[in-house]
Amino acid sequence: MKRLLDCDTSDLRQMNKEQILQSLQASEGRVIVQEISLFHTDRQLLEPISDAEVACAFGADLILLNAFDCKKPVITGIDAPTQEVVHVLKKYIGRLVGINLEPLGNSQMISDFIPLSQGRIATLDNARKAKDLGIDYIVLTGNPGSGVDNDAIERSIREIHQDMEDMIIVAGKMHAAGSKTEAGENILTKEWVERFIQAGADIILIPAPGTVPGITQEYVHGMVTFVHEYGKMTMTAIGTSQESAEERTIEQIALMCKMTGTDIHHIGDAGLGGMVPESIMAYSKVIRGRRHTYLRMARSVNR
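Predicted, not measured: the structure shown is a model, and the values here were computed from it.

For this particular structure, what's the right way to read a negative patch on the surface?
Side chains of E246, E247, E251 and E278 sit close together on the surface and give a patch of like negative charge. Checked against the element boundaries, E278 lands in helix α10 (residues 277-298). By relative accessible area, E278 is classed as partly exposed at 42%.

Listed below in structure tokens is the structure:
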């Protein structure tokens, strides 16, 4: 099995779920996921090029679409019929593409609740639609103010996994998502990790060290080790706007994540304009050096 680092578009097209997971694992903690914001469908970083194309040109290995509406599929910068928009994006970038879906819970809120469109909620119907549209993996998580809680995430994992065993499921929260009871170190516990895995999660999402109050390198390392004992993988995530911090901060977070033993590194979508290409490159150089950074950039597919 090729490492994802070495895969071309033709390799990815032939892989099934288990082969993709093996390819990720074989990359030994050197895979970068760049999240792309679709909250503002009227602007992109370098019009007319989509932000996802820019991210790949700067070294991203996987693309994660945030606020993608499965009932009204639109990707800023991709001019294509709704049913083809994901396939056209994948043709342009030659990467696997995932989306966030948000499980609605009953959290006691610490912030104002921000309602979701029906196409963004983590339902089985939306997961099926996502697959039909060409989505390769689903991240069950919550945006700020969504009130997503771990109980709702667990229910969504189980429902989607039971019906769609061939869909890669990533589960967890990057921040409190507005929940009063699941903030700081309470965002994720080993009990919830075990429940997520038993429900069918393939990859556990954990806040990156230094991104959430109380989330230290030691804390994340303990969680990563626990997940690995179950034979599953982890994705550490920057979901607290620090993706737009100074490059030295990005480099520090990247090195801490590497030392936790995580398998996949996520960079959020809250940069100026939704993404900071320089952050991808800075992060990439820390976890895999210049050679692989430039190789990933060179594998970017042009229009």
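And the narrative resumes.
When you look at a nonpolar patch on the surface in this model, what are you seeing that I'm missing?
On the surface, L45, L46 and I49 cluster together into a nonpolar patch covering about 220 Å² of accessible area. Tracing the chain through its elements places L45 in the loop between β1 (31-37) and α3 (51-57). For L45, a relative accessible area of 30% translates into the label partly exposed.

I'm lost on the environment of A199 in this one. Help?
Mapped onto the elements, A199 comes out in helix α7 (residues 190-199). Along the primary structure A199 and I238 are separated by 39 residues, whereas in three dimensions their C-alpha atoms are 25 Å apart. Residues contacting A199, with those up to four places away along its chain left out, are E154, I157, R158 and H161.

Mind showing me how you'd approach the nonpolar core here?
Proteins that are soluble and globular tend to have nonpolar side chains buried together. Among the nonpolar cores identified, the biggest contains 71 residues, and I63, L65 and L140 are the most heavily contacted of them. The contacts of I63, once residues within four sequence positions are left out, are Q34, I36, A52, A55, C56, I93, L96, V97, G98 and Y137.

Thresholds, definitions, all that
Residues numbered from 1 in each chain as written. Predicted model: local features only at pLDDT ≥ 70, side-chain atom pairs only at ≥ 80, totals over all residues. Heavy atoms only, no water. Patch = residues over 30% accessible without salt bridge, like charges linked within 9 Å, V, L, I, M, F, W, Y side chains within 5 Å. Areas by Shrake-Rupley, 256 points an atom, 1.4 Å probe, with all protein chains shown as cover. Salt bridge = Lys/Arg side-chain N within 4 Å of Asp/Glu carboxyl O. Lys, Arg positive; Asp, Glu negative; His and termini not counted. Charge placed at Lys NZ, Arg CZ, Asp CG, Glu CD. Helix = DSSP H or I, 4+ residues; strand = E, 2+ residues; numbered from the N terminus. Buried < 20%, exposed > 50% of the residue type's maximum accessible area, 1.4 Å probe, protein only. Contact = heavy atoms within 4.5 Å. Core = buried A, V, L, I, M, F, W, Y, C linked by side-chain atoms within 4.5 Å.

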